Amino acid sequence: MCVFLLRLKRETSPQHAAIERQIDLRRVLGSRAAYTGHLARLYGFYQPLEEALWGNGAVREAGSAGGERRKTPSLLGDLRALGIEPHALPLCNTLPPVPDEARALGCLYVLEGASLGGQVITRLVRERLGVGPEDGGAFFYGYGEKTGVMWDSFRAALETFARSPERQEAVIGSARATFGALGTWLASGEGRADV
Ligand code: HEM
């Protein structure tokens with residue numbers, strides 16, 4: 001792996017560990033209601049953030065064509081399959097800023113990387129809740145068998161982009177800001193009644 005990608009992983013790994021601890025999988029996968037509530041919180045973060053990201057030309061060039069990296073459509077489908085109308089859900093308004101390519105790609109690094117953990121979670125969702133990609137589990141299933149290919153092509157695009165120290169700093173800063181914003185948003189939903 002290139003030096004920059006290793007550094008990005010290293011400098012964000014404490015935040016990865018923190019969010020992994022924060023997302024209590026035992027609770028989230030403990031009932032259909034808790035799982036649905038977690039997806040509703042993720043929708044509140046991903047929907048406005050992806051809207052901002054894909055309004056930015058940078059993301060269209062990252063990896064393969066932009067649209068297929070959006071996760072909002074699968075969150076929408078999952079919530080509807082689980083009996084929730086997503087348009088009434090609260091949306092996050094303290095998002096990480098993504099005004100330029102570097103910050104858009106730093107943010108996308110976090111959202112794309114989450115699909116790696118999703119491969120572990122998708123198996124648990126089926127085992128514990130009996131939910132598969134077709135009936136409420138599409139978000140965590142993500143790219144399924146194509147996960148490795150999608151991750152490699154994203155990392156290649158990021159490596160090509162992050163040539164200068166300025167770009168590298170901006171990508172890392174944005175990735176950290178994205179982990180931070182998601183952690184704050186998820187914490188602000190804790191204690192709410194599950195939907
Ligand atoms: C309980 C929840 C989670 C689990 C079990 C989990 C698990 C994993 C696993 C197994 C990997 C692959 C590690 C490797 O092969 O090197 C990974 C990587 C990653 N995850 Fe998570 N994850 C979780 C939550 C999240 C969340 C919520 C995000 C961000 C929204 C996230 C972002 C990332 C990123 C960016 C990477 C790539 C690190 C790199 O190689 O540069 N993860 N995660």
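Refer to the preceding data block for the structure.
Note that the structure is a prediction, hence the values are computed from the model and not measured.

Trainee: Quick question: what am I supposed to make of the site of the ligand here?
Mentor: Around the ligand sit 16 residues, and of these K9, H16, Y109, V110 and G113 come closest. Measuring from an oxygen atom of the ligand, one finds a side-chain N or O atom of K9 at 2.6 Å. At a separation of 2.9 Å, a nitrogen atom of the ligand approaches a polar side-chain atom of H16. Taking a 2 Å distance to the grid points as the criterion, the majority of the atoms of the ligand fall inside the largest pocket. For the shell around the ligand, the secondary structure elements donating two or more residues are α1 (3-22), α6 (101-129) and α9 (165-189). Ranked by residue count, the leading element in the shell around the ligand is α6, at seven residues. Across the shell around the ligand, the residue classes tally to 11 nonpolar, three polar and two charged.

Trainee: Can you help me understand α1 in this one?
Mentor: Since there are 3.6 residues in each turn of an α-helix, residues three or four apart along the chain are aligned in direction. With 20 residues, α1 should reach 28 Å at 1.5 Å per residue; the first-to-last C-alpha distance of 29 Å fits that figure. Its axis deflected by about 50° at S13, α1 carries its strongest bend there, up to four residues before the proline P14. All buried positions along α1 are accounted for by F4, L5, R7, L8, T12, Q15 and I19. Those residues of α1 that are buried lie in contact with α6, α8 (147-161) and α9.

Trainee: How should empty space enclosed by the protein be read in this particular structure?
Mentor: Any space left empty among the atoms is revealed by the rolling of a water-sized probe across them. Applying the stated criterion across every chain, the model contains one cavity of 30 Å³ or more. The wall of the largest cavity is formed by Y46, K71, L111, A114, S115, G118, F139, F140 and G142. Per-element accounting of the lining of the largest cavity gives the leading share, four residues, to α6. Classifying every residue of the lining of the largest cavity by side-chain character gives five nonpolar, three polar and one charged.

Cut-offs used in this document
Residues numbered from 1 in each chain as written. Predicted model: local features only at pLDDT ≥ 70, side-chain atom pairs only at ≥ 80, totals over all residues. Heavy atoms only, no water. Near = heavy atom within 4 Å. Polar contact = N/O pair within 3.5 Å; in protein donor to acceptor, adjacent residues only side chain to side chain. 1 Å grid on protein atoms, 1.4 Å probe; cavity = no way out; pocket = protein on both sides within 12 Å on 5 of 7 lines; lining within 4 Å. Sits in = over half its atoms within 2 Å of the grid points. Helix = DSSP H or I, 4+ residues; strand = E, 2+ residues; numbered from the N terminus. Nonpolar A, V, L, I, M, F, W, Y, C, P; charged D, E, K, R; others polar. Expected span 1.5 Å × (residues − 1). Bend = angle between axes of the 7 residues up to and from the residue. Buried < 20%, exposed > 50% of the residue type's maximum accessible area, 1.4 Å probe, protein only. Contact = heavy atoms within 4.5 Å. Points joined across faces, edges and corners; volume = space filled by probe spheres on them.

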